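Here are the chains, one letter per residue:
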Amino acid sequence: MSHPTRSGNAKDDNVIDDSFAAKEKAVVDTIRCLSMDAVQKANSGHPGTPMAMAPVAYTIWSKFLKFDPQSPIWPNRDRFVLSMGHASMLIYSTLHMAGVREVSNDYCTG
């Protein structure tokens, strides 16, 4: 989910062509759909927060977060924390779209 047309000039960072905007919308819509499907499959939770916050999560993850999907527990990574349990499916969907496929079983949070 990195920005393919990002240049070294911060002023140009907000210039996005129409084809890239369409790709961003597709990613946001996919995050929404994954979240809805997972809530439905679990027969638990509420899809409202993930659907509403998908553009925000995409923007944070793709443009600001220091994160490596090949090393998801890299100690120097930025953390993305949501205080609402209803939004947990947003994190799972965003991690999936970011390319995280698994986290080691020996991962320790304490």
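1. Quick look at the nonpolar core
Consideration 1: One finds I31, Y58, W61, F67 and F80 to be the most contacted residues of the largest nonpolar core, which totals 15 residues.
Consideration 2: Counting residues per element, the ones that place at least two in this core are α1 (18–42), α2 (48–63) and α3 (88–98).

2. A short note on the pattern of salt bridges
Consideration 1: Scanning the model with the defined rule gives three salt bridges in all.
Consideration 2: K63 serves as the salt-bridge partner of E24, at 2.5 Å between the closest nitrogen and oxygen. Taken as a pair, E24 in helix α1 and K63 in helix α2 lie far apart in primary sequence, 39 residues in all.

3. A few points about α2
Consideration 1: Helix length check: α2 (16 residues) gives 24 Å between terminal C-alpha atoms against 22 Å at 1.5 Å per residue, within 8%.
Consideration 2: The sharpest bend along α2 reaches about 50° and sits at A54, with the proline P55 one to four residues further on.
Consideration 3: Buried residues belonging to α2 abut α1 and α3.

4. With respect to the packing of α1 against α2
Consideration 1: Packing of α1 against α2 brings their axes to within 9 Å, and their N-to-C directions diverge by 130°. When the interaxial angle is binned, α1 and α2 end up oblique. Between α1 and α2 the crossing geometry is right-handed. Residues F20, E24, V27, V28, I31, R32, S35 and M36 of α1 form the contact with α2, whose own contacting residues are P50, M51, A54, P55, Y58 and K63.
Consideration 2: When its residues are assigned to classes, the contact of α1 with α2 shows ten nonpolar, one polar and three charged.

Rules used throughout
- Sequence order as written defines the numbering, with residues in each chain counted from 1.
- Per-residue local features are limited, in this predicted model, to residues with pLDDT of at least 70; the limit for side-chain atom pairs, both in listing and counting, is 80 or more; totals at the level of whole chains, interfaces and linings are taken over all residues.
- The side-chain figures draw on all heavy atoms in the structure; neither hydrogens nor water molecules are used.
- Throughout, nonpolar core names a set of buried Ala, Val, Leu, Ile, Met, Phe, Trp, Tyr and Cys residues whose side chains join them through atoms within 4.5 Å.
- Whether a residue is buried, partly exposed or exposed follows from its accessible area with a 1.4 Å probe, protein chains only, as a fraction of its type maximum: under 20%, in between, or over 50%, in that order.
- Per the convention used, a helix needs a DSSP run of H or I reaching at least four residues, while a strand needs a run of E reaching at least two, with both numbered from the N terminus.
- Any carboxyl oxygen of Asp or Glu within 4 Å of a side-chain nitrogen of Lys or Arg constitutes a salt bridge here.
- The span one expects for a helix is its residue count, reduced by one, times 1.5 Å.
- The quantity called bend is, for any residue, the angle between two axes fitted respectively to the seven residues ending at it and the seven beginning at it.
- Contacts: residue pairs with any heavy atoms within 4.5 Å of one another.
- Only the contacting stretch of a helix is used when fitting its axis, a line to C-alpha atoms as for every element, and angles between N-to-C directions run 0 to 180 degrees.
- Orientation labels follow simple angle bins: below 35 degrees gives roughly parallel, above 145 gives roughly antiparallel, 65 to 115 gives roughly perpendicular, and whatever is left gives oblique.
- Helix crossings are classified by the rotation of the near helix relative to the far one: an anticlockwise turn of less than a right angle makes the crossing left-handed, while a clockwise turn makes it right-handed.
- Residues are sorted three ways: Asp, Glu, Lys and Arg are charged, Ala, Val, Leu, Ile, Met, Phe, Trp, Tyr, Cys and Pro are nonpolar, and all the rest, Gly among them, are polar.

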